[in-house]
Every structure is written in structure tokens, then in C-alpha cells.
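# Residue-level structural notes
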Amino acid sequence: MRESLTIEDLRRRAQRRVPRMFYDYVEAGSWSESTRDANIADLADIVFRQRVAVDISTRDLTANMLGQEFSLPIGLAPVGLTGMQYPDGEIHSAQAAKAAGIPYVLSSMSVCSIEDVASTVRSPFWFQLYVMRDRGFTEGLISRAEAAGCKVLVLTLDLPIMGQRHADIRNGLGSKGISVRNLLNVATKPQWLAGILRTKRRSLGNLVGHVDGVDDAASLREWVGKQFDPSLDWDDVAAFRARWPGKLVLKGILDEDDARQAADIGADAIIVSNHGGRQLDGAPSSISVLPSIVAAVGNRVEVYVDGGIRSGQDVLKALSLGARAVFVGRAYTYGLGAGGRAGVDRAIEILKNELDQSMALTGNLSARRIDSKTIFARGHRA
Ligand SMILES: Cc1cc2nc3c(=O)[nH]c(=O)nc-3n(C[C@H](O)[C@H](O)[C@H](O)COP(=O)(O)O)c2cc1C
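The sections below set out a description of the structure shown in this document. Note that the coordinates shown come from a computational prediction; the quantities given were computed from them, not determined experimentally. (Residues numbered from 1 in each chain as written. Predicted model: local features only at pLDDT ≥ 70, side-chain atom pairs only at ≥ 80, totals over all residues.)

## Some remarks on the overall build of the chain
The helix and strand tally for the chain stands at 15 helices and ten strands. For 382 residues, the compact-globule formula gives about 21 Å, and the C-alpha radius of gyration of the chain, at 20 Å, lands near that figure. Principal-axis analysis of the C-alpha atoms places the extent of the chain at approximately 65 × 50 × 40 Å. Looking at the chain as a whole, 48% of its 382 residues qualify as buried. (Helix = DSSP H or I, 4+ residues; strand = E, 2+ residues; numbered from the N terminus. Rg over C-alpha atoms; globule rule 2.2 N^0.38 Å. Buried ≥ 20, exposed ≤ 12 C-beta atoms within 10 Å, placed from the backbone.)

Below is the structure:
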């Protein structure tokens, strides 16, 4: 993995290695993909203030999230189906996060189950919850996360219905089944195929065996498609707050009023997010709304952000605008697709090195004390 110097290098490797339908699944945004692209473009528009003659010989990249110390202000965001990027992908990702000393958030839609990850990785992870119409199943997921030792529940609010991603429909990842063209493409990825055939984890591990009548790929796809609960409202969120004894993080907040609601119901943290541009196309980039949300609730809840983070420079920009930490989705998923555990290790290392150097050259000694003086207000171009 040494020859991969950037997240973009990892992306290219993943594209070569992973079957097209699963690579496209990661890459896709909803509809015109304008929000997905804005996440990246708006970060690129932010310009650093270079500072000199500051003693930067010792630098501290550590962060505190929800009372816990981490080695970096970076976490691995929940990403569904990572076990299709690389066999046992969730386990490799959780192991990489553990080794790096950063949080890993396991998706409800993971291939490796909660129990698989808990028993293999033996380190606490955070669990991301999608609320399903079948509230008994939803409660079951929460209880299983509790039993597995999860102390942090990340409740995703921006997917009450699925945003349409054209690539997934064309590739047959939706309800109609995988196209012949894509099956042929899988045959051109022998390394991936050999790995997937070696593991027994090839389905949605948190669902199979826990939902009556769902036992093959087709019934699973149909069940999931119908199950996201469009009736989820703030009363439900308050009920989850009352139900969950640990820390509660609300993910998918993009509006100041919603951020205030989150604080009012007693959330411990929020993730400012548009789901990587996969839900409401035409919504603003998460980085563009971050400052106003921090101003509205930053003294009441911890504010994290995700969306478009592809470098340590992007991490520093988000911290400069008031985020306590960032989460990365595609950046580490590319690493996973490129080379499994080693690829995720490399993705984290790239982000860490870039953050460290960028902090140094902007005269910042501590990731905990970065503020808006690190960047120009506006009107400068890099
Ligand atoms: C392939 C893929 C699958 C995702 N699956 C989930 C999921 O299961 N649950 C969730 O809360 N967010 C999910 N997300 C959103 C991420 O948690 C995160 O918000 C997003 O990836 C951040 O943008 P970035 O990919 O540009 O870093 C997914 C994102 C991607 C790219």
C-alpha cells in the first residue's frame, strides 16, 4: 500500500479491484449528484493561512469525543455493505480503527453482524441504527448492540426513505436483481471473487436469521426496500433517547432548527451530514452549514461533520470551522476495496500525515485548539 500516497490513489486501486456494481454503489450520489460534488468542491474552496516562525516541534493530534480519548479527530463513518468491497470488510475496518485508536461506527446494513464484529475485534465500537417499520426488529438491533458492549448509538435521521441513486438501479442492486453485464464484470475480478467465496459472510448479517421469511438475496432486498420507516419523528427520537442508556449521536443534521431539536431532546452529539450526497440532492454541502450549526448548538452538544473529506487538509478545514471531529465514509472504503485491512490502515495513515503537516504549516500545535484563524474568511483562492 506504500505506493498509494493519497486517498485518490486508493480510490483508483479500489476501482480496479472491486466489481463495478459495488464500486458504483460507493461512488454514487442521489439524482444529479450535485450535493455529493458540492461536499468536495466547498471544502476545496477553503484556503489556509500559512503561518511561520511558530515552534511547531511538538504537535498533538488527539481528540476527545463523548468523554473518550482518541488518537485523531477522525472516525470511520457507518457504510453499508462494506463486506462487499472486501471479504469481512467490517471486521477489517473495525480492526484498523482499533489499531489507529479512532472510533468505528458499524452500520445497521453491514455484512458482518454486530456479534461477528464484537467477537472478532474485541474492542468497543459504535453502532449506527436505521429505524425500521418493524419496531420489534429495531428494538432487537438496539438490544444486540447493547449486549455486544456498544456504548454509543448513532441514530441516522436523513434516510426515512431511500434517495434514488441511478447507478444502483442500472446495475440491478435494487429490487430487480443483478444484471448479466454485472455478473460478467464480477468474473473479471478474480481476486475479489476468490475472497468473497472464501468467507461465509456475504449477506446483510444483522438481518439474516432475525427476520421471518427473509432467507435469500431477493427476499432480503425486498424487505429492506420496504422497511425504512417514513413515520419517524422527533417524538420517536425522544423515545430512543429515553431507551438508550449510553451516548446518543444524531446523524444527518443539516439545519439549525433540527440541531436545536437534537440538543433539546438530550442528544450528546450530532453529525452534520447529508449522507455523502446520497439522500436529498440539492441540499447544501455539510461544510457550508457547519458554522451556523456550531453557532446554534456548539455549546450544548458535540458537533461532528462528514461529507467530502478526502485529505488531512479537509479534516483541518472542518476543525477550523468548528467541528470537534470528522467522520469519513468513502475515504476509508476506497482503502478497504484497494487492499482490505492494509488499505484501511493506509487511508487512516494518509489522513493523519496530511493533518499533521497541515497543522504544522498553519502554526497549530493541538487538534483540540484549532479555530477559524487557521483559514481565510473568504475571497482567497488556493
Ligand atoms: C457506500 C455508502 C454506504 C453508506 N451507508 C450508510 C449507512 O449504512 N448508514 C449511515 O448512517 N450512513 C451511511 N452512509 C453515509 C456515511 O455514513 C457518511 O455520511 C458519508 O459517507 C460521508 O461522506 P463521504 O463518503 O464523502 O465521506 C453511507 C455512505 C456510503 C458512501
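## Notes on helix α15 (residues 330-361)
Taking 1.5 Å of rise per residue, the 32 residues of α15 would be expected to cover 46 Å, yet its terminal C-alpha atoms sit only 26 Å apart, more than 12% below that figure. Largest kink in α15: about 145°, centred on G339. Counting buried positions over the 32 residues of α15 gives 23, a clear majority of the element. At the C-terminal side of α15, G363 shows a positive phi close to 75°. (Expected span 1.5 Å × (residues − 1). Bend = angle between axes of the 7 residues up to and from the residue.)

## Topic: the packing of helix α14 (residues 312-320) against α15
Their axes nearest at 7 Å, the elements α14 and α15 cross at an angle of 55°. When the axes of α14 and α15 are compared, the pair comes out oblique. Of the two elements, α14 crosses α15, and the hand of that crossing is right-handed. Facing G312, Q313, V315 and L316 of α14, the residues of α15 in contact are L351, K352, N353, E354, L355, S358 and M359. A per-class count over the contact of α14 with α15 returns five nonpolar, four polar and two charged. (Axes fitted to C-alpha atoms, helices over the stretch in contact; angles between N-to-C directions. Parallel < 35°, antiparallel > 145°, perpendicular 65-115°, else oblique. Left-handed = near helix turned anticlockwise from the far one by under 90°. Contact = placed C-beta atoms within 7 Å. Nonpolar A, V, L, I, M, F, W, Y, C, P; charged D, E, K, R; others polar.)

## Quick notes on the nonpolar core
In terms of nonpolar packing, the biggest core is built from 105 residues, with F127, I270, V272, A318, A323, V326 and A347 touching the most fellow members. In terms of residue count, α15 provides more of this core than any other element does, twelve residues in total. Not counting residues up to four positions away in its chain, the partners in contact with F127 are L106, I114, A145, C150, L153 and V154. (Core = buried A, V, L, I, M, F, W, Y, C linked by C-beta atoms within 7 Å.)

## Notes on the site of the ligand
The immediate surroundings of the ligand are formed by 24 residues, with A77, G80, S107, G276 and G329 found nearest. Sorting the residues of the shell around the ligand by element identifies α2 (20-27) and α15 as the ones contributing at least two each. Class assignment for the residues of the shell around the ligand results in nine nonpolar, eleven polar and four charged. (Near = placed C-beta within 6 Å.)

## Here we look at the sheet that holds strand β3 (residues 74-76)
The eight strands are arranged β3-β10-β9-β8-β7-β6-β5-β4 in an open sheet whose pairing can be described as parallel. Strands with a single pairing partner mark the edges of an open sheet, and in this sheet they are β3 and β4 (105-106). Relative to strand β5 (residues 126-129), β4 runs parallel, the two being bridged by two bridges. When the bridges of β5 are listed, V105 appears paired with W126. (Pairing = 2+ DSSP bridges.)

## Notes on the pairing of strand β7 (residues 247-253)
Along any regular strand the residues' side chains alternate between the sheet's two faces. The element β7 is extensively covered by neighbouring structure, given that six of its seven residues are classed as buried. Relative to β7, strand β6 (residues 152-156) is paired through five bridges, and the arrangement is parallel. Across the sheet, L155 pairs through a bridge with L250, a residue of β7. Relative to strand β8 (residues 269-272), β7 runs parallel, the two sharing four bridges. Each bridged residue has a counterpart across the sheet, and for V249 the counterpart in β8 is A269. One crossover worth recording links β7 to the parallel β8 by way of helix α12 (residues 256-264), and it is right-handed. (Right-handed = clockwise from strand over helix to strand, strands pointing away.)

## Observations concerning the environment of K251
Position of K251 relative to the elements: it lies in strand β7. Judged by local crowding, K251 falls into the buried class, with 24 C-beta atoms found within 10 Å. The spatial distance from the C-alpha of K251 to the C-alpha of L159 is 9.9 Å, given a sequence separation of 92 residues. Dropping the residues within four chain positions of it, K251 is found in contact with V154, L155, T156, L157, I271 and S273.

## Concerning unusual backbone geometry
Even without glycine at this site, W31 takes up a positive phi of about 40°. Structurally, the position occupied by W31 is in the loop between α2 and α3 (34-44). Unusually for a residue other than glycine, D88 sits at a positive phi of about 55°. Looking at the element boundaries, D88 is found in the loop between β3 and α4 (89-100).

## So, the pairing of strand β9 (residues 302-306)
For β9, the buried fraction is high: five of the five residues fall into the buried class. Of the two faces of β9, both are covered, the one formed by E302, Y304 and D306 as well as the one formed by V303 and V305. For the handedness criterion, the β-α-β arrangement of β8, helix α13 (residues 286-297) and β9 is classed as right-handed. Sheet topology places β9 next to strand β10 (residues 325-328); three bridges connect them, and they run parallel. What sits directly across from V305, in β10, is V326. Taking the sense of rotation as the criterion, the β-α-β connection linking β9, α14 and β10 turns out right-handed.

## Brief notes about the packing of α4 against helix α5 (residues 114-121)
Each packed pair of helices is defined by two parameters, the angle between the axes and the distance between the axes. Two elements in contact, α4 and α5, have axes whose closest approach is 10 Å; the angle formed by their N-to-C orientations is 45°. Comparing their axes, α5 and α4 come out oblique. For the pair α4 and α5, the crossing hand works out as right-handed. Judged by residue contacts, E90, I91, A94, Q95 and K98 of α4 engage D116, V117, T120 and V121 from α5. Of the residues belonging to the contact of α4 with α5, the class tally is four nonpolar, two polar and three charged.

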